[in-house]
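Secondary and tertiary structure notes
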Amino acid sequence: MDATFITSAFKEDQYPAPDMPEIAFAGRSNVGKSSLINVLLNRKNLARTSSTPGRTQSINYFCLDQSLYFVDLPGYGFARVPVKVKESWQGMVETYLRTRGSSTLKAVVLILDIRRELSSGDLDLLRWLHYYAIVPIPVLTKADKLSRQKARTSAVQIGKKLSDFTQDAPILFSSKTRQGKESIWKKIRELTSTGPVSAGPK
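1. Regarding helix α3 (residues 120-131)
- In a regular helix each residue adds 1.5 Å, so 12 residues correspond to 16 Å; α3 covers 16 Å between its end C-alpha atoms and thus fits that length.
- Every buried residue belonging to α3 is among Asp 122, Leu 125, Leu 126, Trp 128 and Leu 129, and all of these are buried. One face of α3 carries all of its buried residues, which in axial projection span an arc of 160°. Among the exposed residues of α3, those oriented more than 90 degrees off its buried face are Ser 120, His 130 and Tyr 131.

Laid out in C-alpha cells, this is it:
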C-alpha cells in the first residue's frame, strides 16, 4: 500500500479537493489515535505519536493508493493546552464535519479507550456525527491492557452506551497485538468501496 502524508489544514480552504472518499479518525487526547493509524497503514511513524496529549493540533491528510484519504483530526479532552486552543480545535473539527458531509466523508472512526467511561467530548462528537448524518465506527483501543473476559464485558457496556448513535458493536483493537486491524479495514472497505486499498501484509 502506498500511503503518503499530504497536508496539515487549519481551515476549509486548506483541505484537498474532495475528489476521493475520506475516513476520519477522532478521539480524546492520548487514546492511541496515531498508533491506530500507523498499524492500519503498516507504518511506524507516518502519523506522529507522542506521550504528550494534544500534539495533533491540525487536520492531517494522508493519501492511500490514490483512492482514499485518511484524515487525522485533533484530539480533545484532557490535553494541557490553553482554553483558546481547545476552542479552536472544536471549531476546526465541526467545520470539517459540516463542510465535508457524508458525500465525501464516509465515516469517522471514533477511538475510545476500552478502560475508560465515555467522556463529554466523546458524546459531543457522537451528537455532531448524528446531526451531520456521518457514520461512526467505534473502536476500543488498548484491548491488550485487559483480560479477554474484562475486555468483552467492557465492550458490551460501552456498546450499550453507544446504542443511541450506532447499532454496530465496537471493534476491539490493540496496537501491540494488532487485534481488530482486519475488522476495521473490512468496515472501511464496506463504506468506501475503494477497491484497490488494502490492509497490506500483517
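The structure having been displayed, the exposition proceeds.
2. Remarks on the pattern of salt bridges
- Under the defined criterion, the tally for this structure stands at eight salt bridges.
- The closest approach of N and O atoms between Arg 115 and Asp 113, which form a salt bridge, is 2.9 Å.
- According to the relative accessible area criterion, Asp 113 is buried, its value standing at 6%.
- Of the charged contacts in the structure, one is a salt bridge between Asp 168 and Lys 187, with a shortest N-O distance of 2.9 Å. In this pair, Asp 168 is assigned in the loop between α4 (148-162) and β7 (171-172) and Lys 187 in helix α5 (residues 181-192), connecting sequence segments 19 residues apart.
- Of the residues examined, Asp 168 reaches a relative accessible area of 33% and is grouped as partly exposed.

3. What about the packing of aromatic side chains?
- One pass over the full model with this rule turns up seven aromatic pairs.
- Between the aromatic rings of Tyr 15 and Tyr 96, the centroid separation amounts to 5.8 Å while the plane-to-plane angle is 80°, which identifies the pairing as edge-to-face. In this pair, Tyr 15 is assigned in the loop between β1 (3-9) and β2 (22-27) and Tyr 96 in helix α2 (residues 83-104), connecting sequence segments 81 residues apart. Pair check on accessibility: Tyr 15 and Tyr 96 agree, each one buried.
- Between Tyr 61 and Tyr 69, the aromatic rings sit 5.4 Å apart at their centres with planes inclined by 90°, giving edge-to-face as the arrangement.
- What makes Tyr 61 buried here is its relative accessible area of 0%.
- Judged by relative accessible area, Tyr 69 falls into the buried class, the value being 7%.
- Here the aromatic cluster, defined as three or more aromatic residues joined through ring pairs, consists of Tyr 15, Tyr 61, Tyr 69 and Tyr 96.

4. Quick notes on the sheet that holds strand β4 (residues 68-72)
- One open sheet holds the seven strands; their spatial order is β1-β3-β4-β2-β5-β6-β7, and the pairing between them is mixed. Each edge of the open sheet carries a strand with a single partner, namely β1 and β7.
- Relative to β4, β2 runs parallel, the two being bridged by four bridges. The residue bridging Glu 22 from the neighbouring strand is Tyr 69, located in β4.
- Running over the sheet, helix α1 (residues 33-40) touches β2, β4, β5 (105-113) and β6 (136-141) and is turned about 145° from β2.

Each value, and the rule that gives it
- Residues numbered from 1 in each chain as written.
- Predicted model: local features only at pLDDT ≥ 70, side-chain atom pairs only at ≥ 80, totals over all residues.
- Heavy atoms only, no water.
- Helix = DSSP H or I, 4+ residues; strand = E, 2+ residues; numbered from the N terminus.
- Expected span 1.5 Å × (residues − 1).
- Buried < 20%, exposed > 50% of the residue type's maximum accessible area, 1.4 Å probe, protein only.
- Arc of directions from axis to C-beta.
- Salt bridge = Lys/Arg side-chain N within 4 Å of Asp/Glu carboxyl O.
- Phe/Tyr/Trp six-rings, centres within 6.5 Å; stacked < 30°, edge-to-face > 60°.
- Pairing = 2+ DSSP bridges.
- Contact = heavy atoms within 4.5 Å.
- Axes fitted to C-alpha atoms, helices over the stretch in contact; angles between N-to-C directions.

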